[in-house]
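Overview (structure and organization)
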Amino acid sequence: MSGRDETPWPHVTLVLGGARSGKSRHAEALVRAAGPAPWTYVATAEAWDDEMRARIAHHRAERAASGGGGWVTVDAPLDPGGALLAAPAESPVLVDCLTLWLTNLMLGGHDVDAASEVFFAALSARRGPVVLVANEVGLGIVPENALARAFRDAAGRLNQRIAARAGRVLFIVAGLPIVVK
Ligand SMILES: Nc1nc2c(ncn2[C@@H]2O[C@H](COP(=O)(O)OP(=O)(O)OP(=O)(O)O)[C@@H](O)[C@H]2O)c(=O)[nH]1
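Residues numbered from 1 in each chain as written. Predicted model: local features only at pLDDT ≥ 70, side-chain atom pairs only at ≥ 80, totals over all residues. Heavy atoms only, no water.

**Concerning the sheet that holds strand E2 (residues 39-43)**
Pairing between the strands of a sheet is mediated by backbone hydrogen bonds and can be parallel or antiparallel. Put simply, the test is: Here, a strand pair is defined by DSSP locating no fewer than two bridges between the strands. Helix and strand assignments come from DSSP, with helices taken as H or I runs of at least 4 residues and strands as E runs of at least 2, each series counted from the N terminus. Helix axes are fitted to C-alpha atoms over the stretch in contact, other axes to C-alpha atoms as well, and angles between N-to-C directions run from 0 to 180 degrees. We call two residues in contact when some of their heavy atoms are within 4.5 Å.
With respect to topology, seven strands assemble into an open sheet ordered E3-E2-E4-E5-E1-E6-E7, the strand pairing being mixed. Here the strands that pair on one side only, and so sit at the sheet edges, are strand E3 (71-75) and strand E7 (176-179). Each adjacent strand pair in this sheet contributes to an overall mean axis angle of 25°, direction not counted. Judged from the six bridges that link them, strand E1 (residues 9-17) and strand E5 (residues 130-135) form a sheet pairing that is parallel. The residue of E5 that forms the bridge with Leu16 is Ala134. Against the sheet, helix H1 (residues 23-34) makes contact with E1, E2, E3, strand E4 (93-96), E5, strand E6 (166-173) and E7, and its axis sits at roughly 175° relative to E5, the strand it touches most. Running at roughly 140° to E1, helix H6 (residues 146-165) makes contact with E1, E5 and E6 of the sheet.

The structure is reproduced here in structure tokens:
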């Protein structure tokens, strides 16, 4: 016995995929289909430079176009669990993306295990549907750099832990979903 809470999360969907695989678009559609607005978009990305600002503006415009004003965006680069708990009860929530959250934690020198437990507790407490987006980062060659290897391992472990408890897991390839669980 690990002593950890490992109860399942039937209300959680994990959407995995590589960069520009179409996972965000697919996840947004799942959230819109999961229940009426408001749909909470928990963003873990930070706009470090002009390219990222443009990327974020593009995503916001796409959500406005597809969601007709139904999306509420919450920035949570370090505490997506807090944003989950603050979202209206029962309403659908999207967290995009866990891998960037992990990056923020590791680059900021935070305790990844402790932060993960806080996030998992928030997932357990939530009743409404939650869609989590994460990158599948381990399909390429082994990185030469130790930090990149540690990151790749941490991302894979996080995905496994969430997939084990999520009610549904999808892998998006070239815009198309493969049902994993
Ligand atoms: N801060 C902030 N970030 C956002 C917002 N909308 C989207 N993002 C971020 O944009 C990122 C996803 O965009 P991309 O990097 O273009 O997606 P991708 O993972 O390469 O491609 P796909 O697999 O096609 O989704 C996520 O990390 C989001 O957090 C927003 O309104 N505010």
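From this point, things continue past the structure.
**Concerning the environment of Glu144**
Note the following rule: Burial classification: accessible surface area is computed with a 1.4 Å probe over protein chains only, and a residue below 20% of its type maximum counts as buried, one above 50% as exposed, and the rest as partly exposed.
Its location among the elements puts Glu144 in the loop between E5 and H6. Glu144 gets classed as exposed once you look at its relative accessible area, which sits at 80%. Sequence separation between Glu144 and Ala87 is 57 residues, and the spatial gap between their C-alpha atoms is 40 Å.

**Concerning the packing of aromatic side chains**
Here is the rule we go by: Stacked, tilted and edge-to-face pairs are distinguished by plane angle, under 30 degrees for stacked and over 60 for edge-to-face with tilted covering the rest, among Phe, Tyr and Trp rings (Trp via its six-membered ring) whose centres lie within 6.5 Å.
Following the criterion strictly, the structure yields five aromatic pairs and no others. Relative to Trp71, the ring of Tyr41 lies with its centre 6.1 Å away and its plane at 80°, an arrangement referred to as edge-to-face. Here Trp71 lies in strand E3 and Tyr41 lies in strand E2, a separation of 30 residues in the sequence. The burial state of Tyr41 is the same as that of Trp71; both residues are buried.

**Considerations on the pairing of E2**
Across a regular strand the side chains alternate sides, sitting on one face of the sheet and then on the other. To keep it simple, the criterion reads: Handedness is read with the strands pointing away from the viewer; a crossover is right-handed when the path from the first strand over the helix to the second is clockwise.
Buried residues dominate E2, accounting for five of its five residues. Neither face of E2 is left uncovered, since the one carrying Trp39, Tyr41 and Ala43 and the one carrying Thr40 and Val42 both have all their residues buried. Direction of pairing for E2 relative to E3: parallel, over a ladder of five bridges. Note that in E3 the partner of Ala43 across the bridge is Asp75. Where the polypeptide runs from E2 across helix H2 (residues 50-67) and back to E3, its parallel neighbour, the crossover connection is right-handed. Judged from the four bridges that link them, E2 and E4 form a sheet pairing that is parallel.

**Some words on unusual backbone geometry**
Cis geometry marks the peptide bond from Ala37 to Pro38; its omega dihedral reads 10°. Each neighbour pair has its own omega, and for Asp96 with Cys97 the value is 0°, a cis peptide bond. The topology assignment puts Cys97 in the loop between E4 and helix H4 (98-107). With a phi close to 55°, Arg20 is a non-glycine residue in the positive phi region. Here Arg20 shows up in the loop between E1 and H1. Despite not being glycine, Ala174 shows a phi value in the positive range, around 50°. Classification of Ala174 by relative accessible area gives exposed; the value is 72%.

**Quick look at the UniProt feature "active site" (unreviewed entry) in the protein**
Counted only if it meets this: UniProt positions are given in the numbering used here, feature names are shortened, and annotations may be inferred rather than shown by experiment.
Taking the numbering used here, the UniProt-annotated feature "active site" (unreviewed entry) corresponds to His59. When you line up the elements, His59 lands in helix H2.

**Describing H4**
Listed in full, the buried residues belonging to H4 are Leu98, Thr99, Trp101, Leu102, Asn104 and Leu105. On the buried face of H4, the contacting elements are E1, helix H3 (80-86), E4, helix H5 (112-125), E5 and H6. In the segment just after H4, Gly109 is the residue with positive phi, at about 75°.

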